[in-house]
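# Working through the structure, step by step
Chain by chain, the residues run as shown.
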Amino acid sequence: MVCFLEDRAINLSTETQPPSVLKIWGETQLNGQVTISGAKNSALAIMAGTLLCADECRLRNIPSLVDINHMGDVLNSLGLKLNRNGDTLEINAQEITTSKPPYELVSRLRASFFVIGPLLARLGVARVPLPGGCAIGARPVDLHVRGLEAMGAKVRIEHGIVYADIPGSNNRLQGAEIYLDYPSVGATETILMAATLAEGETRIENAAREPEVVDLANFCIAMGAKIQGAGTNTITISGVKSLHSVDYPIIPDRIEAGTFLVAGAITHSEISLSPVVPEHLTPVIAKLRAMGVKIIADAPNCLSLIPGTLHGTDIETLPYPGFPTDMQAQLMALLALSEGDSVITETVFENRLRHVAEFKRMGADIRLKGQQAIIRGVSMLTGAPVVATDLRASAALVVAGLAAKGITTIQGLHHLDRGYDNLEDKLRGLGAKLQRVSIEETDLPAEELIEAEKR
Ligand code: EPZ
């Protein structure tokens, strides 16, 4: 992994380190207050958005994540100057030296594909490798491409590369009416960014309404873009000639916050978390309350949780403001220990139920039926060796391990490092006992493992 710092790339090669395992001692009680980091999916889109501005932008509240490092490497490869200082990231896109980020960087991070709209808007040309599918689905980009074509781009895909050009001499995309067959977050963000510098007005119908889309729109508006309707299903963008630098704070991560709410509920603990934007968590809070958990907004940008007896409920994942697919695995862990029967229906991604097999290894009673998981609550989960199958499933296995009887070991920690900022330290700060150890050490007793951490 290559990290970016000022103009120097520091090579922290993690590939040579021994694979590690997260060991969790179960039946944990948590207590205290946890700080929520900036939203990963906001930061990634906004980092791509800095390409729109031929000046320096300062982003605040940027989480420390592998995905952020990878996006930084992609922007570095395009000639941008990045300077990270704690949770502040300065990005200067005055000079873009190429329209083609290297395949090996784009293939590591799907969100890298978000650079295609800004590159096309700034340079009139983009050569972006197709992002790979991933554990949760094929993840096509047809809606991104069709939106750019509607705005006048000529797009062809050859040898896994998306070639996009603006024909003619004026090098500017044209405003267009675009209807999205599906309210895709990424496609909405690609089209929105491209439209900020287009000639004329662009209207996106059936747009995604996620808070991260709104945050991106607010970032672009702060740079001087003319955007209306972000957060509704119709977004209108009137193109301008150029955008100016801005100092912008990213919103808190609603999925990290939701994950901690589940950690508190599953361990029957009283915890509080901030900063949060409660309305970003409306569907998650509604479901947790329906299951018997008390959640109080007891101070501005703060939520407190008071545990209760958990009973089952049904969940269907949907585009925002429906229940977020990124919280599906975490709620499954909680429903596995709730009284009664529950059904989870995953409608957003075609392959996002692979964590069911891992929960069953811990004693959960879950049956798969197509895109549905039928869950019968059990009184106890038992610790077991499990493997993370995607980013959110890894966090779900952690919270299940906190509640399970005995020791859980989790492999596949690269998923966790992609999307959670210091999750283990934050959980230890609430009283959890968990330790990252090498595979050989997993038989050591707890105190020796804690010692291992200090070495
Ligand atoms: C964003 O992915 C998030 N990632 C995902 O978070 C999140 O799960 C997803 O939105 C849904 O909320 C980032 O923002 C970086 P989509 P994105 O386009 O933009 C289909 C996490 O764990 N589709 O809304 O890729 C697609 O196959 C990650 O943080 C097309 O068919 O999601 C999927 O079934 C996981 N054609 C559905 O739409 C397209 O051109 C939703 O995808 C684009 C998408």
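See the structure above.
Quick summary incoming for the structure in this document. (Residues numbered from 1 in each chain as written. Predicted model: local features only at pLDDT ≥ 70, side-chain atom pairs only at ≥ 80, totals over all residues. Heavy atoms only, no water.)

Around the ligand sit 22 residues, and of these D142, L143, S184, D326 and V348 come closest. Backbone polar atom of G186 to an oxygen atom of the ligand: 2.8 Å apart, as the coordinates give it. One of the side-chain nitrogen or oxygen atoms of D326 is found 2.6 Å away from an oxygen atom of the ligand. Protein burial of the ligand: of its 830 Å² of free accessible surface, 89% is covered by the chains. If you list the elements that add at least two residues to the shell around the ligand, you get α1 (40-49), α5 (142-150), α6 (185-195) and α12 (391-403). For the shell around the ligand, the element with the most residues is α5, which contributes three residues. Classifying every residue of the shell around the ligand by side-chain character gives 10 nonpolar, five polar and seven charged. (Near = heavy atom within 4 Å. Polar contact = N/O pair within 3.5 Å; in protein donor to acceptor, adjacent residues only side chain to side chain. Areas by Shrake-Rupley, 256 points an atom, 1.4 Å probe, with all protein chains shown as cover. Helix = DSSP H or I, 4+ residues; strand = E, 2+ residues; numbered from the N terminus. Nonpolar A, V, L, I, M, F, W, Y, C, P; charged D, E, K, R; others polar.)

Looking at the secondary structure, you find A257 in helix α8 (residues 254-266). A257 gets classed as buried once you look at its relative accessible area, which sits at 1%. In the structure, A257 is positioned 15 residues away from S272 in sequence and 9.9 Å away in space, judged by C-alpha atoms. (Buried < 20%, exposed > 50% of the residue type's maximum accessible area, 1.4 Å probe, protein only.)

Turning our eyes to something else, we now look at the packing of aromatic side chains. Enumeration according to the criterion identifies one aromatic pair in this entry. Centre to centre, the rings of F219 and Y248 are 5.6 Å apart; their planes meet at 70 degrees, and the pair counts as edge-to-face. In this pair, F219 is assigned in helix α7 (residues 211-222) and Y248 in strand β15 (residues 247-249), connecting sequence segments 29 residues apart. The class of F219 is buried, set by a relative accessible area of 0%. Across the ring face of Y163, the terminal group of R156 is positioned such that the distance to the ring centre comes to 4.3 Å. (Phe/Tyr/Trp six-rings, centres within 6.5 Å; stacked < 30°, edge-to-face > 60°. Lys NZ or Arg CZ within 6 Å of the ring centre and 35° of its normal.)

Turning our attention to the pairing of strand β22 (residues 372-376). Where strand β20 (residues 341-345) lies against β22, five bridges are found, and the strand directions are antiparallel. From the neighbouring strand, T345 faces β22, where its bridge partner is Q372. Strand direction decides the pairing type here: strand β21 (residues 365-369) and β22, joined by five bridges, are antiparallel. Within the sheet, the bridge partner assigned to K369 lies in β22 and is Q372. (Pairing = 2+ DSSP bridges.)

Interpretation note: all reported values are geometric properties and have no functional meaning in isolation.
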